[in-house]
Amino acid sequence: MDKEKKVKKRLGFTLIELMIVMVIIGLLAALVAPRMLNKVGKSKIKAAKAQIEMFSTALDSFKLDTGRYPTTEEGLKALVENPGINGWDGPYLKKKVIPKDPWGHDYVYKCPGDHDVYDIISYGADGQPGGTGENADIGSWE
C-alpha cells in the first residue's frame, strides 16, 4: 500500500517545474515574436508593391484603349468606372472597387507625376509622406 501512495504522489508536476516551463516559454516568445512582427511589416510592403504593379498594368491597358492615362482628377477610379472617355473598355481591374493599401489608406495617383508619366504612391503605415521602415513611402517609380 505504501508503494501505491508513492506512485500517486509522483503523478503530477511540482510548482517549480511548472514555473521553469513557463519561463522557458516566455523566453522563446520574447525571441520569436519580434522576428515574426518584422515579417508582417515586410509582407505588407511587398503587398503594396504588388498592388502598385497591378495598377500599372491596368493603367497601361487604359492608355492602349483611350490613348492617354487618367488625369489626377479622374484618378484610379477611371479604371473601374468610365469617366466619359471614348474608347474606354473597362473595367480594368478584376474587382470594381479600388483597393486600399495594406494599411487601409488610399493610394495617391498623380498624372503627370513627379517621377514618371504617372505616380502611384502608398505613404506606408503612418499614411504620411516620408518616413523610414514600415512608414516609408512606396512609389510606382521604384
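Remember, predicted model here, so these are calculated numbers, not experimental data.

Conventions and cut-offs
- As a convention, each chain's residues are numbered from 1 in the sequence order in which they are written.
- Whole-chain, interface and lining totals are the exception, using all residues; otherwise, since this is a predicted model, local features are given only for residues with pLDDT of at least 70 and side-chain atom pairs are given and counted only at 80 or more.
- The side-chain figures draw on all heavy atoms in the structure; neither hydrogens nor water molecules are used.
- The helix and strand labels rest on DSSP assignments: H or I over at least four residues marks a helix, E over at least two residues marks a strand, and numbering proceeds from the N terminus.
- For every residue, the accessible area obtained with a 1.4 Å probe (protein chains only) is divided by the maximum for its type, and the residue is called buried under 20%, exposed over 50%, and partly exposed between those limits.
- Working rule for contacts: check all heavy atoms of both residues, and any pair within 4.5 Å makes them a contact.
- In these notes, a set of buried Ala, Val, Leu, Ile, Met, Phe, Trp, Tyr and Cys residues joined through side-chain atoms within 4.5 Å is what counts as a nonpolar core.
- Here a Phe, Tyr or Trp ring, Trp counted by its six-membered ring, pairs with any other such ring whose centre lies within 6.5 Å, and the pair is stacked when the planes are under 30 degrees apart, edge-to-face when over 60, and tilted otherwise.
- Following DSSP output, two strands are said to pair if at least two bridges run between them.
- Counted charges follow a simple rule, with Lys and Arg positive, Asp and Glu negative, and His plus the chain ends left uncounted.
- Definition used for salt bridges: Asp or Glu carboxyl oxygen within 4 Å of a side-chain nitrogen of Lys or Arg.
- Throughout this description, a polar contact denotes any pair of N or O atoms lying within 3.5 Å of each other; where both atoms belong to protein, one of them has to be capable of donating a hydrogen while the other can accept it, and for residues adjacent in sequence the pair is counted only when both atoms sit in side chains.

Undergrad: Before we move on, could you go through the environment of Leu-76 and cite the residues and values that matter?
TA: Inspection of the secondary structure puts Leu-76 in the loop between helix H2 (15-66) and strand E1 (108-110). Judged by relative accessible area, which is 6%, Leu-76 ranks as buried. Each C-alpha atom of the pair Leu-76 and Tyr-109 lies 6.7 Å from the other, and the pair is 33 residues apart in sequence. If sequence neighbours within four positions are ignored, Leu-76 has contacts with Phe-55, Leu-59, Ile-98, Tyr-107 and Tyr-109.

Undergrad: Please give an account of the nonpolar core that cites residues and values.
TA: Leu-59, Leu-79, Tyr-109 and Ile-120 are the most contacted members of the largest nonpolar core, which totals 22 residues. Considering each element in turn, this core owes the most residues, 6 residues, to H2. Setting aside residues no more than four positions away along its own chain, Leu-79 makes contact with Phe-55, Ala-58, Leu-59, Phe-62, Trp-88, Pro-91, Tyr-92 and Leu-93.

Undergrad: So, the packing of aromatic side chains: which residues are in play, and what are the values?
TA: Considering all chains together, one arrives at 5 aromatic pairs under this definition. Relative to Tyr-92, the ring of Trp-88 lies with its centre 5.7 Å away and its plane at 90°, an arrangement referred to as edge-to-face. Using a relative accessible area of 17% as the deciding quantity, one classes Trp-88 as buried. Three or more aromatic residues joined by ring pairs make a cluster, and in this case those are Phe-62, Trp-88 and Tyr-92.

Undergrad: Summarise the sheet that holds strand E3 (residues 138-139); cite the residues concerned and give the values.
TA: Strand order in the open sheet formed by 3 strands is E1-E2-E3, and the pairing between neighbours is antiparallel. Pairing within the sheet leaves two strands with one partner each, and these edge strands are E1 and E3. As judged from the 2 bridges shared by strand E2 (residues 119-122) and E3, these two strands associate in the antiparallel manner. Of the residues in E3, the one forming a bridge with Ser-122 is Ile-138.

Undergrad: Please set out the side chain of Asp-119 residue by residue, giving values where relevant.
TA: Along the polypeptide, Asp-119 turns up in strand E2. One buried charge, Asp-119, has no salt-bridge partner; the nearest side chain with opposite charge is Lys-110, at 5.7 Å. From its side chain, Asp-119 meets the backbone nitrogen of Asp-114 in a polar contact 2.6 Å long. When sequence neighbours within four positions are dropped, the list of residues in contact with Asp-119 reads Val-108, Tyr-109, Lys-110, Gly-113, Asp-114, Ser-140 and Trp-141.

Undergrad: How would you summarise the pattern of salt bridges if you had to cite specific residues and measurements?
TA: As enumerated under the stated definition, the model contains 4 salt bridges in all. One salt bridge in this structure joins Arg-68 and Glu-74, with 2.9 Å as the shortest N-O distance. Taking the relative accessible area as the measure of exposure, Arg-68 reaches 29% and is therefore partly exposed. Lys-77 is the partner of Glu-81 in a salt bridge, and the nearest nitrogen-oxygen pair spans 3.8 Å. A relative accessible area of 42% places Glu-81 in the partly exposed class.

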